[in-house]
Structure formats: structure tokens, C-alpha cells
Amino acid sequence: MLGLAIMAAAFVLVALVELAAPVRQAVQSKPQRWLTNLALFAIDTLAVRLVLPAAMLGEALLAAERGWGLFNAVEVPAWLAFIATLLVLDFALYMQHRATHEIPLLWRLHRVHHSDRDFDVTTAARFHPVEIVLSMVWKCGVVIALGAPVLAVFVFEVGFAVATLFTHANFALPRRIDRAMQSLFVTPDMHRIHHSALERETNSNYGTTLSLWDKLLGTYRGEPEREQTRMTIGLDEWQDDRPARLGFSLLLPFQRR
């Protein structure tokens, strides 16, 4: 319940800030988009609960109970296991995100997220349920392999969810602060480039929390080719009202390019 309360508070805070000072004007109907994106989130949540009732925290508890995973087999200081878990999970999700762009079958699912023609806090909730289930399977596998501490998994889950809301926000930090933050963390300006309709920009900035992985692995892009307020968001194939519809979004992975 604590995690849900933190995430709900973060959603409301980000939504209020971006409503007060949006960096980009909407090109689609906001009520319809929000309804579709939040409906996708509700379906995603139900799908995960049906397929993997225990999810990440449950798998961490199970691994601790049965002695599975690296940190349950090798004795290391608690602080080291905690920090290592946060870093490994963040890197694992960087690699997962990159794979969804580079593997055609996964891209068919992930393009539901990228088809959103606007970019705001609800874009963070816009994923196809099959992708969300596969993502949870991957995360649970990493948690079990690590024997990740339960507290570290909880902190990561909540922190990653809040970071996802923040990086999809339709507001901009002061430029100097944004530049300084990007030395270590992903900011809305950095992630917005990832949602550009230009393929070379879409295939960059895969990180959600740390910018470190993009910089180390050559996928970092600090500036878009067009300025933030003028860049086209979404996918070239669907620059119309269809992505704002729930039925279209659910069926999109099964449509030909």
C-alpha cells in the first residue's frame, strides 16, 4: 500500500506541474488520450496479477526463503547487496528496453508505447499488456538470479515507477539544472528525444533512471535535431487520431507496418 500511495502522489504532482507549465501543446484530445492510456494501465495491472500474482517482491521473498540466487549463496555486506541490486535491475531494464527496439517481435508490442502522439505523465502508463507481462517475467528472473534483498526490490520498484512518471512529464527543467542532472540521471528533455518520430532519435536514450548506461554503451543523445517544442512525437505511420483509441492500441501489435 505504501508503494501505491507514493506512486499515486507522484502521478498527481507531475500531472499538476505539467498542466500548469506544459512545454508542448497537445495535438490529440486530452480526455480521450488519458482515458485510453489509463485504461491500458488498468488492463496491464490486471494481466500481471493474473499471470504473476507474486510479482517482484513475492519472488524476492521466495528466493530468500529457499536460498536461491547470488546474494543468498554468497555472503556479502547488506549495503553492497542493496546497491548492487539497484544497479543490476536498472541495467537489466536498460537492456530490456533496448531489446524491444532491436528485436522485431518485441518492437511490435513496444510500438504501442511509442505511437502516442503526445508526451505526458500518462504516456508512462501506455504499454501493451503482453509487453508488461513479459517485462515482469524478465524482472522476476533477474530478482531470483540475484537473490535480491526484499528492501532493495521494494525501493527499486517504487523508485523506477516514480522515475518513469517524471521522465515522461510534459514540463522542462531549467536548462542548467537539466544539463547537470543528465550527467547521472534521465530527465524529461532527454527521454522526450526517445519519443521522437525520427528513427535515429527513437533508437537512443533507452535509460529510465540512470543516464549512465546510454553514455557507456553509445546510445546517448543530448539534443534533438529539432527543438523540443517542434519535434514530432509518435510514429510516422500513425500521425492521426487512431493512437488515442483503446481498441486500436490493443490491436496495434497485430497490424502490419
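Structure: above.
Residues numbered from 1 in each chain as written. Predicted model: local features only at pLDDT ≥ 70, side-chain atom pairs only at ≥ 80, totals over all residues. Heavy atoms only, no water.

### A word on the overall build of the protein
Item 1. Helix and strand counts for the protein stand at 13 helices and 0 strands.
Item 2. Along the chain direction, N to C, the helices and strands of the protein fall in the order α-α-α-α-α-α-α-α-α-α-α-α-α.
Item 3. Expressed along its principal axes, the backbone C-alpha trace of the protein runs to roughly 55 × 40 × 35 Å.
Item 4. For the protein, buried positions account for 47% of its 257 residues.
Item 5. A separation of at least 24 residues holds for 76% of the contacts in the protein among residues at least 6 apart in sequence. (Helix = DSSP H or I, 4+ residues; strand = E, 2+ residues; numbered from the N terminus. Buried < 20%, exposed > 50% of the residue type's maximum accessible area, 1.4 Å probe, protein only. Contact = heavy atoms within 4.5 Å.)

### Topic: the pattern of salt bridges
Any two side chains of opposite charge can pair, on the condition that their charged atoms come close.
Item 1. On inspection of all chains with the given rule, the structure shows 10 salt bridges.
Item 2. A salt bridge links Glu-102 to Arg-98; the nearest nitrogen and oxygen atoms lie 2.9 Å apart. Here Arg-98 and Glu-102 lie together in helix α5 (residues 78-102), a separation of 4 residues that amounts to about one turn.
Item 3. Two residues, Glu-225 and Arg-200, come together in a salt bridge whose shortest N-O distance is 2.5 Å. Taken together, the residues Glu-225 in the loop between α12 (212-216) and α13 (246-251) and Arg-200 in helix α11 (residues 199-202) connect sequence positions 25 residues apart. (Salt bridge = Lys/Arg side-chain N within 4 Å of Asp/Glu carboxyl O.)

### A few points about the nonpolar core
Item 1. Ranked by internal contacts, the top residues of the largest apolar core, which has 21 residues, are Met-56, Leu-89, Met-136, Val-143, Val-153 and Phe-156.
Item 2. Elements with a contribution of two residues or more to this core: α2 (30-51), α3 (55-66), α5, α7 (129-146) and α8 (150-167).
Item 3. In contact with Met-136, not counting residues within four places along its chain, are Val-48, Leu-52, Ala-55 and Met-56.
Item 4. Counting residues in hydrophobic clusters, the runner-up holds 9 residues, among them Ala-10, Leu-165, Ala-169 and Phe-171. (Core = buried A, V, L, I, M, F, W, Y, C linked by side-chain atoms within 4.5 Å.)

### Some words on the environment of Gly-67
Item 1. Structurally, the position occupied by Gly-67 is in the loop between α3 and α4 (70-73).
Item 2. Relative accessible area serves as the criterion here: at 39%, Gly-67 is assigned to the partly exposed category.
Item 3. Sequence separation of Gly-67 and Thr-100 is 33 residues, and the distance between their C-alpha atoms is 32 Å.

### Considering unusual backbone geometry
Excluding glycine, most residues fall at negative phi; most peptide bonds, likewise, are trans.
Item 1. Phi angles above zero are rare outside glycine, and Asn-205 is one such case at about 50°.
Item 2. Tracing the backbone shows Asn-205 in the loop between α11 and α12.
Item 3. Accessibility expressed as a relative area gives 0% for Asn-205, which makes it buried.

### As for the side chain of Thr-164
Item 1. Mapped onto the elements, Thr-164 comes out in helix α8.
Item 2. Exposure remark for Thr-164: the relative accessible area of 12% places this residue in the buried category.
Item 3. Non-local contacts of Thr-164, meaning those with residues more than four positions away in its chain, are made with Ala-124 and Thr-208.

### A closer look at the environment of Asn-72
Item 1. With respect to the secondary-structure elements, Asn-72 resides in helix α4.
Item 2. Assessed through its relative accessible area of 32%, Asn-72 is described here as partly exposed.
Item 3. Along the sequence, Asn-72 and Ile-144 sit 72 residues apart, while their C-alpha atoms lie 9.8 Å from each other.
Item 4. Setting aside residues no more than four positions away along its own chain, Asn-72 makes contact with Ala-63, Ala-64, Gly-67 and Gly-147.
Item 5. At 3.2 Å, the side chain of Asn-72 forms a polar contact with the backbone oxygen of Ala-63. (Polar contact = N/O pair within 3.5 Å; in protein donor to acceptor, adjacent residues only side chain to side chain.)

### Remarks on the packing of aromatic side chains
Item 1. Evaluation of the coordinates by the stated rule reveals 7 aromatic pairs.
Item 2. Between Phe-156 and Phe-160 the ring centres are 5.4 Å apart and the planes differ by 25°, which places this aromatic pair in the stacked class. Here Phe-156 and its partner Phe-160 are both found in helix α8, 4 residues apart, which amounts to about one turn of the helix.
Item 3. You can call Phe-160 buried: its relative accessible area is 18%.
Item 4. If you follow Lys-215 out to its NZ or CZ, it ends over the ring of Tyr-220, 4.9 Å from the centre. (Phe/Tyr/Trp six-rings, centres within 6.5 Å; stacked < 30°, edge-to-face > 60°. Lys NZ or Arg CZ within 6 Å of the ring centre and 35° of its normal.)

### Comments concerning a nonpolar patch on the surface
Item 1. A cluster of nonpolar side chains, Phe-91, Met-95, Leu-212, Leu-216 and Leu-217, forms an exposed patch at the surface whose accessible area comes to about 420 Å².
Item 2. Counting residues per element, the ones that place at least two in the nonpolar patch are α5 and α12. (Patch = residues over 30% accessible without salt bridge, like charges linked within 9 Å, V, L, I, M, F, W, Y side chains within 5 Å. Areas by Shrake-Rupley, 256 points an atom, 1.4 Å probe, with all protein chains shown as cover.)

### Comments concerning the packing of α5 against helix α6 (residues 104-114)
Each pair of packed helices can be summarised by the angle the axes make with each other and by the distance between the axes.
Item 1. It is at 6 Å that the axes of α5 and α6 come closest, and there the two elements cross at 105°. Relative to α6, the element α5 lies roughly perpendicular. Mapping the contact onto sequence places His-97, Ala-99, Thr-100, His-101 and Glu-102 in α5 and Pro-104, Leu-106, Trp-107, His-110 and His-114 in α6.
Item 2. Across the contact of α5 with α6, the residue classes tally to 4 nonpolar, 5 polar and 1 charged. (Axes fitted to C-alpha atoms, helices over the stretch in contact; angles between N-to-C directions. Parallel < 35°, antiparallel > 145°, perpendicular 65-115°, else oblique. Nonpolar A, V, L, I, M, F, W, Y, C, P; charged D, E, K, R; others polar.)

Interpretation note: all reported values are geometric properties and have no functional meaning in isolation.
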